[in-house]
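Notes for the structure review
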Amino acid sequence: MWSALKERFFAEQSRWSLWLPVFFATGIGAYFALPDEPSKWVTLGIIEFLILAAVVLRFHPFMLRLLIIPAFVMAGFTLIQPVSYTHL
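The text that follows walks through the structure, step by step, so that each part is easy to find. Everything numeric in this text was worked out from a predicted model, so none of it was measured. All residue numbers refer to position in the chain's written sequence, counted from 1. It should be noted that, the model being predicted, local features are given only for residues of pLDDT at least 70 and side-chain atom pairs only at 80 or more, the latter also being counted only at that level, while totals for whole chains, interfaces and linings use all residues. Side-chain measures here rest on the full set of heavy atoms in the structure, leaving out hydrogens and waters.

**Structural notes on the packing of helix α2 (residues 20-33) against helix α4 (residues 61-80)**
Cut-off, in case you're wondering: Here an angle of 0 to 180 degrees is reported between the N-to-C directions of two axes, which are lines fitted to C-alpha atoms, with helices fitted over the stretch in contact. Counting from the N terminus, the helices are the DSSP runs of H or I reaching at least four residues and the strands are the DSSP runs of E reaching at least two. Each angle is binned into one of four classes, with values under 35 degrees roughly parallel, values over 145 roughly antiparallel, values of 65 to 115 roughly perpendicular, and all other values oblique. Handedness of a crossing is defined here by the sense of rotation of the near helix relative to the far one, left-handed for an anticlockwise turn of less than a right angle and right-handed for a clockwise turn. It only takes one pair of heavy atoms within 4.5 Å for two residues to be counted as in contact.
Running from N to C, α2 and α4 point in directions that differ by 45°, and their axes come no closer than 7 Å. When the interaxial angle is binned, α2 and α4 end up oblique. Note that α2 runs across α4; the crossing there is right-handed. Together, Leu 20, Phe 23, Phe 24, Thr 26, Gly 27, Ile 28, Ala 30, Tyr 31 and Phe 32 of α2 and Ile 68, Ile 69, Phe 72, Val 73, Ala 75, Gly 76, Phe 77, Leu 79 and Ile 80 of α4 make up the contact between the two elements.

**Details of the environment of Pro 21**
Considering the arrangement of structural elements, one finds Pro 21 in helix α2. Residues Pro 21 and Gly 76, spaced 55 residues apart in sequence, show a C-alpha to C-alpha distance of 9.1 Å.

**Observations regarding the packing of aromatic side chains**
Our working rule: Only Phe, Tyr and Trp rings are paired, with Trp represented by its six-membered ring, and only when their centres lie within 6.5 Å; those with planes under 30 degrees apart are stacked, over 60 edge-to-face, the remainder tilted. Using a 1.4 Å probe on the protein chains alone, a residue whose accessible area is under 20% of its type maximum counts as buried, one over 50% counts as exposed, and one in between counts as partly exposed.
For the coordinates displayed, the defined rule picks out seven aromatic pairs. Considering the side-chain rings of Tyr 31 and Phe 32, the 5.3 Å spacing of their centres and the 80° angle between planes classify their relative orientation as edge-to-face. A residue is classified by how much of its surface remains accessible, and Phe 32, at 56% relative accessible area, is exposed. Three or more aromatic residues link up through ring pairs in this structure, and these residues are Phe 9, Phe 10, Trp 16 and Phe 62.

Encoded structure:
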C-alpha cells in the first residue's frame with residue numbers, strides 16, 4: 001500500500017506547486033482558529049527555526065522541498081497576524 005502511495009506521490013511531482021496556496025490558506029485558517037492572539041515572539045521563533053532548518057538541509061534537496069510546506073503555512077499565519085508598531 002505504501003509503495004503504491006509513494007509512486008503516485010512522486011508521479012504528481014509536476015503538480016506539487018499547486019498545493020502552495022492551500023498551505024498558505026492553512027496558515028491563515030490556523031490563525032483564526034486560535035482562541036487568543038498568539039505572541040509575535042513565538043511566530044518569530046518558528047520562522048527562525050525554519051530558516052535554520054533550511055540552512056542545515058541545504059544539501060538535501062528532498063528534505064528542503066518538504067520544508068516548503070511549513071514555510072508556506074507560517075507565511076500565511078504571519079501575513080494575517082496584525083502588526084503593532086507601538087511595541088517596536
